[in-house]
Number of protein chains: 2
Amino acid sequence: MTTDGAPATGLPMEVAAEGLPTRVRIHEVGPRDGLQNEQAVVPTEVKAEFIHRLAAAGLPVVEATSFVHPKWVPQLADAEQLFPMLGDLDPRQLPVLVPNERGLERALALGARRIAVFGSVTESFAKANLNRTVDESLAMFEPVVRRARDENMHVRGYLSMCFGDPWEGPVPIAQVVRVCRALLDLGCDELSLGDTIGAGTPGHVQHLLAALNEAGVPTTRLGVHFHDTYGQALANTFAALQHGVTTVDASAGGLGGCPYAKSATGNLATEDLVWMLHGLGIETGIDLGRLTEASEWLAGFLGRPSPSRTVRALSHKE
Amino acid sequence: MTTDGAPATGLPMEVAAEGLPTRVRIHEVGPRDGLQNEQAVVPTEVKAEFIHRLAAAGLPVVEATSFVHPKWVPQLADAEQLFPMLGDLDPRQLPVLVPNERGLERALALGARRIAVFGSVTESFAKANLNRTVDESLAMFEPVVRRARDENMHVRGYLSMCFGDPWEGPVPIAQVVRVCRALLDLGCDELSLGDTIGAGTPGHVQHLLAALNEAGVPTTRLGVHFHDTYGQALANTFAALQHGVTTVDASAGGLGGCPYAKSATGNLATEDLVWMLHGLGIETGIDLGRLTEASEWLAGFLGRPSPSRTVRALSHKE
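First, a word on what this report is: a plain description of the structure on this page. Worth saying up front: this structure is predicted, and the values here are computed from it rather than measured.

### Here we look at the sheet that holds strand β4 (residues 96-97) of chain A
All names here are of chain A.
In step 1: If you walk across this open sheet you meet the nine strands as β2-β1-β9-β8-β7-β6-β5-β4-β3, and the pairing is parallel. Each edge of the open sheet carries a strand with a single partner, namely β2 (61-62) and β3 (65-66).
In step 2: Bridge count for strand β8 (residues 222-226) against strand β9 (residues 247-250) is two bridges, and the pairing is parallel. In the sheet register, V224 faces β9, and the bridge partner there is V248.
In step 3: This element, helix α9 (residues 233-242), spans β7 (190-195), β8 and β9 of the sheet and lies at about 165 degrees to β8.

Here is the structure:
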């Protein structure tokens, strides 16, 4: 069969499902988590333009960059130059990642008002990524979160490897619960549950969310952060919505995992997520057309097609 | 962050979700729906080897080929040569598509025991694909299904464009219900609800299934057939499982939609589906490792990476 020449429909039919939230807040991670994992180093001006385009498409939160040491993440070594180029946007809309007190000082000096710290629920990844034990990393975050709270900043805590670890395999739910509780006790406003290796499936998602509720962590404090390594990200998101989650991380154009790179750990594409949410009649405030244009524009700069299926489908129709 | 050098885990952690079936039958469509939409024409020997590898991986049903006129689908013009090369397999495991009585005669002469007819729920696609109205196409199927039933064959009815049509846009649910009822009344054993343009979202899936139940169509007679054009296929499948569906169509390696072709209408990849089902603790009888090997083997022949994220992730780990 062929449908070549058929006109574009452009939008899914809107059919609500039972028991879902009426509004979801997408936490856009493309400029930080996405570009950090791209091989190419993108010029600062291109990053600034990309972030402006994302904000103009209606994304309420765009994680802008990371104040880690340039030696570790050369892709984001220009944070000091980039952040002032976003001065026309509300800094409460532009979280930045800070690894430690030195990073927080740099972010504060530039007027950042919202930060994230990046933790691990497994010892193996804490060691590999932070060169610390899980408890040592929590101790490192403690003064960061305290100072940020004193400055009235919004603080997000990332938890990586919540659904499996490449060295350790399955991750016990109790281990995730413990680190969640610890980060909330430090003073984090919200947590983001990361499936860093993309191995989780929908039952696992619902089971973890239920266990966190039982341990006194309300769903309103939780976001989900799925990688699409095994194609599970959107199904897992649907399962999380059914559990009441209203904050979902995604990366414009699926940035962050080249489909043919060695470790294909791409993020959930924001456009694929928006297609589903709008199809479900869930409000996002996002203009899918403008968002797709922003991702196509960056893909053109990177010189390769976007891994987002929605971006490819919509751009083929023009 | 990097996880290069980490050992492979290879399997998702098994965590059941509430209200799902304990077993799902995957209807593999790669050799027919997949190869029919590939640009390359694959040699008959390669097709036969591919089907044997899929059966050996535990797939219970492998749609083998199509007895349409070679002029319309040159990719499957070798049905007469291919089918006898599968003589060591159970023909009840190998459905073939037949468009009309002439096609059925050809299939019967070769010993086929299971067929499918391919209908449309929209007038535009019936006209484009079959050069008939919907009712004229049902009239064309009537003697085919009757004869097949007389021969004690299993008959599947495909319905395309159930979730949207590229010319007509949204497709009213009542229109889908009417064609479903008509195909069951003709004598079809099972129906496959196709989202041919991949535009559907999970609420739409559940709403359609509920409407079909209300119209007296039991879920046990229904399979779902999702295309991943907008990345929705696996989320839609999860929604269908929650409604009790136990027959799911998929294409090994995501065959059938080159990610960079003009109309990127790829099928749901069987491997991504199996990853989710096994993660949910749902039995399929399939060996994911052997299935992935079969898809990699064919991708090597086609000279391009598989669109299945699971195939790419597992093969990168070796």
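### Some words on the state of the cysteines
All names here are of chain A.
In step 1: The full count for this structure, using the stated rule, is zero disulfides over all chains.
In step 2: C162 provides the cysteine sulfur closest to C180, a residue in no disulfide bond, and the two sulfurs are 6.0 Å apart.
In step 3: Among the residues examined, C180 registers a relative accessible area of 0% and is labelled buried.

### Here we look at the sheet that holds strand β8 (residues 222-226) of chain B
All names here are of chain B.
In step 1: Spatially, nine strands are ordered β2-β1-β9-β8-β7-β6-β5-β4-β3 in an open sheet, and the strand pairing comes out parallel. Strand pairing shows two members of the sheet lacking a second neighbour, β2 (61-62) and β3 (65-66), which therefore form its edges.
In step 2: Pairing between strand β4 (residues 96-97) and strand β5 (residues 114-120): two bridges, direction parallel. Paired with V96 across the strands is I115, a residue of β5.
In step 3: In the packing of helix α6 (residues 134-150) onto the sheet, contacts are made with β5 and β6 (154-160), and the angle to β5 comes to roughly 170 degrees.

Analysis parameters
Residues numbered from 1 in each chain as written. Chains lettered and ligands numbered in written order. Predicted model: local features only at pLDDT ≥ 70, side-chain atom pairs only at ≥ 80, totals over all residues. Heavy atoms only, no water. Pairing = 2+ DSSP bridges. Helix = DSSP H or I, 4+ residues; strand = E, 2+ residues; numbered from the N terminus. Contact = heavy atoms within 4.5 Å. Axes fitted to C-alpha atoms, helices over the stretch in contact; angles between N-to-C directions. Disulfide = S-S within 2.5 Å. Buried < 20%, exposed > 50% of the residue type's maximum accessible area, 1.4 Å probe, protein only.

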